[in-house]
Amino acid sequence: MEPIPCVNCGTFFIPRNCKQNYCTKAECQRARKAAWQRYKLKYDDDYRTQQHLSQQKWLQTNPGYYRSYRRRNPDKVKRNRALQTIRNRRKRHCHSRKNLADNALIAKMDARKFCHFNMVGQFYLVPVIAKMDVSKVNIYTISNRYL
Ligand SMILES: [Zn+2]
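Residues numbered from 1 in each chain as written. Predicted model: local features only at pLDDT ≥ 70, side-chain atom pairs only at ≥ 80, totals over all residues. Heavy atoms only, no water.

### Topic: the coordination of the zinc ion
Right, on to step 1. Donor atoms from the polypeptide that bind the zinc ion are C6 (SG), C9 (SG), C23 (SG) and C28 (SG), placed at 2.2 to 2.3 Å.
Right, on to step 2. Around the zinc ion sit 4 donor atoms, and with donor-metal-donor angles ranging over 105 to 113° the site reads as tetrahedral. (Donors = N, O, S within 2.8 Å, 3.2 Å for Na, K, Ca; no water. Tetrahedral: all angles 85-135°; square planar, octahedral: opposite > 155°, others 65-115°.)

As structure tokens, this is what we get:
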């Protein structure tokens, strides 16, 4: 199998099968698991319910956790407020339109292309926040040692 770039770190690796998109580094495996969990929470009602119940149970045994977390991480509080403002704006924008499906952004996560020619560099634009008027992306440089 040909080497492919890892979806998380961008380094080339040889996948075990055609479904493997992440390399074996611990941080990339964590990113893969987080992406899987985001997907499950979004589309699996049973999983979402179980996670919610589990979190409620944990919170009952750890009261005041989030209050102290917010006190310890003021930058995260600020970031969350900004993101919530964007989510609220998107929600209002979606409700103002009749066709919600047209407003949904589609991101193809497994798109990849292996180039056999020499090129200066390749960048993947990974959307962090899907929004109509703001495009925030992370740019990863991909090693060209296999080119
Ligand atoms: Zn990786």
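Now that the structure has been shown, we can carry on.
### Details of the confidence of the model for the protein chain
Right, on to step 1. When pLDDT is averaged along the protein chain, the result is 81, and 65% of the positions lie at 70 or above.
Right, on to step 2. Element-level mean pLDDT values for the protein chain span from 54 in strand β3 (residues 123-129) up to 97 in helix α2 (residues 45-61). (pLDDT = per-residue confidence, 0-100. Helix = DSSP H or I, 4+ residues; strand = E, 2+ residues; numbered from the N terminus.)

### Here we look at the pattern of salt bridges
Right, on to step 1. If you walk through the whole model with that rule in mind, you get 2 salt bridges.
Right, on to step 2. One salt bridge in this structure joins R48 and D45, with 2.1 Å as the shortest N-O distance. Residue R48 and its partner D45 are both found in helix α2; the two are separated by 3 residues, about one turn of the helix.
Right, on to step 3. Of the residues examined, R48 reaches a relative accessible area of 33% and is grouped as partly exposed. (Salt bridge = Lys/Arg side-chain N within 4 Å of Asp/Glu carboxyl O. Buried < 20%, exposed > 50% of the residue type's maximum accessible area, 1.4 Å probe, protein only.)

### Some details on a positive patch on the surface
Right, on to step 1. On the surface, R67, R70, R71 and R81 cluster together into a patch of positive charge.
Right, on to step 2. Looking at the positive patch, the element that brings in the most residues is helix α3 (residues 65-72), giving 3 residues.
Right, on to step 3. Here R67 is to be found in helix α3.
Right, on to step 4. Using a relative accessible area of 58% as the deciding quantity, one classes R67 as exposed. (Patch = residues over 30% accessible without salt bridge, like charges linked within 9 Å, V, L, I, M, F, W, Y side chains within 5 Å. Areas by Shrake-Rupley, 256 points an atom, 1.4 Å probe, with all protein chains shown as cover. Lys, Arg positive; Asp, Glu negative; His and termini not counted. Charge placed at Lys NZ, Arg CZ, Asp CG, Glu CD.)

### A closer look at α2
Right, on to step 1. The end-to-end C-alpha distance of α2 is 25 Å, a good match for the 24 Å that 17 residues give at a rise of 1.5 Å each.
Right, on to step 2. In this structure D44 caps α2, since a side-chain oxygen of it lies 3.1 Å from the backbone nitrogen of D46. (Expected span 1.5 Å × (residues − 1). Polar contact = N/O pair within 3.5 Å; in protein donor to acceptor, adjacent residues only side chain to side chain.)

### A word on the environment of I14
Right, on to step 1. Within the secondary structure, I14 sits in the loop between β2 (12-13) and α1 (26-43).
Right, on to step 2. Those residues within four positions of I14 in sequence are excluded, and the remaining contacts are M1 and P3. (Contact = heavy atoms within 4.5 Å.)

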